[in-house]
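If you want the building blocks of each chain, they are given just below.
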Amino acid sequence: QKSVLLQTSLVGKPNEITSLQILEVAALSAFWAILGGLLLLVFLIILIRVYNECKRIEISLDELLANSDSTRIKLNNVYAEIYKLLGKYSVHESDIHKFVASGRANIKLLATQYPQLKADSIFNDASLRWNQLYTELQGYIEKYNREITAFNTYTTNFPRVIFCRVIKRTPRKHAKIT
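By convention here, each chain's residues receive numbers from 1 onward along its written sequence. At least 70 in pLDDT is required for a residue's local features to be given in this predicted model, at least 80 for side-chain atom pairs to be given and counted, and no such filter applies to totals for whole chains, interfaces and linings, which use all residues. No hydrogens and no water enter the side-chain calculation; it runs on all heavy atoms of the structure.

Section: the pattern of salt bridges
For step 1, the next point in the chain: Should a side-chain nitrogen of Lys or Arg be within 4 Å of a carboxyl oxygen of Asp or Glu, the pair is scored as a salt bridge. Considering all chains together, one arrives at 4 salt bridges under this definition.
For step 2, the next point in the chain: In this structure, the salt-bridge partner of R56 is E53, at a minimum N-O distance of 2.8 Å. Residue R56 and its partner E53 are located together in helix α1 (residues 19–102), separated by 3 residues, close to a single helical turn.
For step 3, the next point in the chain: Note that R129 is salt-bridged to E81, the shortest N-O span being 2.6 Å. Of this pair, R129 sits in helix α3 (residues 116–156) while E81 sits in helix α1, and the two are 48 residues apart along the sequence.
For step 4, the next point in the chain: The class for R129 is partly exposed, based on a relative accessible area of 35%. Strands are runs of DSSP state E lasting at least 2 residues, helices are runs of H or I lasting at least 4, and numbering of each runs from the N terminus. Only protein chains enter the accessibility calculation, which uses a 1.4 Å probe; a residue is then buried when its area is under 20% of its type maximum, exposed when over 50%, and partly exposed in between.

Written out as structure tokens, the structure is:
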């Protein structure tokens, strides 16, 4: 067997390393390199899974916000319609009082221009739509808050909290109905 003379010990005897020992050191180094590579791979897989889950929840949150914004716009439109109807009611009432006060006999003509039954049904329809939209908005906000709770729980539990900090995902605030 060939031996390699590397260094001299304190006693003065040369330390010899055999080719078998060199192979053992090389195998051990390869083992640690493979183990390190596997740990890095596992770390990257976990990081990608956490990122994908955070992204999925964020997309869901964005969709819910868009739906709630759309519903808020519809609510504002219905509110404006109700406001206009109330304005027509007051004008109608004012006109009737003017005609009665002035003693004119054209009350029937004025009443046919704004029939009470038609105004009531329009107002009731607008009120019903407003209530439906408000309920729809409440549903979106409740679902958004459930998703926020899930997201916050997901991003704050160990070991995901470590990965979420790496990809800059932090807990979010809940929404309120205004």
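Things to note about the nonpolar core
Nonpolar side chains in soluble globular proteins generally cluster together in the buried interior.
For step 1, the next point in the chain: For this analysis, a nonpolar core means a set of buried residues of the types Ala, Val, Leu, Ile, Met, Phe, Trp, Tyr and Cys, connected via side-chain atoms within 4.5 Å. Counting residues in each nonpolar core, the largest one holds 13 residues, and the members touching the most others are V50, C54, L61, Y144 and I167.
For step 2, the next point in the chain: Looking at this core, the elements that each hand over two or more residues are α1, α3 and α4 (160–166).
For step 3, the next point in the chain: Looking at which element gives the most residues to this core, the answer is α1, with 6 residues.
For step 4, the next point in the chain: Discounting chain neighbours no more than four positions away, the residues touching V50 are Y154, R160, F163, C164 and I167.
For step 5, the next point in the chain: Membership of the second largest hydrophobic core comes to 8 residues, among which are L75, V78, I82 and A126. Note on definitions: a residue-residue contact is assigned when non-hydrogen atoms from the two residues lie within 4.5 Å.

Brief notes about the packing of aromatic side chains
For step 1, the next point in the chain: To pair, rings of Phe, Tyr and Trp, with the six-membered ring standing in for Trp, must have centres within 6.5 Å; the planes then decide the type, stacked if under 30 degrees apart, edge-to-face if over 60, and tilted in the middle. Counting across every chain of the model gives 3 aromatic pairs.
For step 2, the next point in the chain: A ring pair is formed by F43 and F163, whose centres lie 5.1 Å apart and whose planes are at 40°; its orientation type is tilted. One end of the pair, F43, is in helix α1; the other, F163, is in helix α4, and 120 residues separate them in sequence.
For step 3, the next point in the chain: Classification of F43 as partly exposed rests on a relative accessible area of 33%.

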